Every structure is written in structure tokens, then in C-alpha cells.
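# Overview (structure and organization)
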Amino acid sequence: MNFDEFTGTVQHRLEFPGTGEAVRAIRATLQTLGSRIPAGNAEDLAASLPMEIKWYMTGAVREHGQRFDWQEFLDCVSEIEGTDRA
């Protein structure tokens, strides 16, 4: 899947009006997921992503392998994205 297909799918599923909102949601989610899983796993998973966004999961993460639950995951995503959890 290329970048446009990936962002278009996210935009459609989340019913965002534009690509910018989709990219912000993707960035926040991938950075948070990248923080949660070990660095090697993040690199493996990022390898299947379009090159324009794979950096969010690997290069934009300061510390990999952090432990947190689902609620903390949602809090982190919404904080990075600058929006409420809904």
C-alpha cells in the first residue's frame, strides 16, 4: 500500500475532512505504538509501512519498550495529536 492509499483509508475510516488530520492521527498512533514495542519489533513492523510514515514508528521515538495499558495508549495518542480521546 502506498502513502496515498494508506492515508486515504485512515481518512475514510475516521471520517476526517482532510489528509492533514489523517496524517496527524497516523503520526500520533505510530509514535505511541513505537514507544510501546521493542525497537527491533518497531523496525520490523515499520518495514511494511509507506516510506513517508515509517519514520514515525522508529526514528521519532525516544524510548522503545515502554509498558502502558490501553487507556494510557489512548491518552498518549491524543496528547501527541493535540486532541481529545474521542
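All values reported here derive from a predicted model rather than from experimental measurement.

### Examining helix α4 (residues 51-58)
Every buried residue of α4 is accounted for by I53, Y56 and M57. Seen end-on, α4 carries its buried residues on one side only, within an arc spanning 95 degrees. Set apart from the buried face of α4 by more than 90 degrees, the exposed residues are M51 and W55. Residues of α4 that are buried sit in contact with α1 (3-13), α2 (19-36) and α3 (39-46).

### Some details on the packing of aromatic side chains
As enumerated under the stated definition, the model contains 3 aromatic pairs in all. Residues W70 and F73 carry aromatic rings whose centres are separated by 5.6 Å and whose planes lie at 10 degrees to one another, so their mutual orientation is stacked. Taken together, the residues W70 and F73, both in helix α5 (residues 70-81) and 3 residues apart, mark about one turn of the helix. By relative accessible area, which is 15% here, F73 ends up buried. Pairwise contacts between aromatic rings join F68, W70 and F73 into one cluster. A cation over an aromatic ring shows up here: R36 above the ring of F68, its NZ or CZ 5.9 Å from the ring centre.

### Overview of the packing of α3 against α4
Interhelical geometry of α3 versus α4 gives an angle of 170 degrees and a closest axis separation of 9 Å. Relative to α4, α3 is oriented roughly antiparallel. Contact residues: α3 offers A42, E43, L45 and A46, while α4 offers K54, M57 and T58.

About the cut-offs
Residues numbered from 1 in each chain as written. Predicted model: local features only at pLDDT ≥ 70, side-chain atom pairs only at ≥ 80, totals over all residues. Heavy atoms only, no water. Buried < 20%, exposed > 50% of the residue type's maximum accessible area, 1.4 Å probe, protein only. Helix = DSSP H or I, 4+ residues; strand = E, 2+ residues; numbered from the N terminus. Arc of directions from axis to C-beta. Contact = heavy atoms within 4.5 Å. Phe/Tyr/Trp six-rings, centres within 6.5 Å; stacked < 30°, edge-to-face > 60°. Lys NZ or Arg CZ within 6 Å of the ring centre and 35° of its normal. Axes fitted to C-alpha atoms, helices over the stretch in contact; angles between N-to-C directions. Parallel < 35°, antiparallel > 145°, perpendicular 65-115°, else oblique.

Any functional reading would require information beyond the geometric quantities listed.
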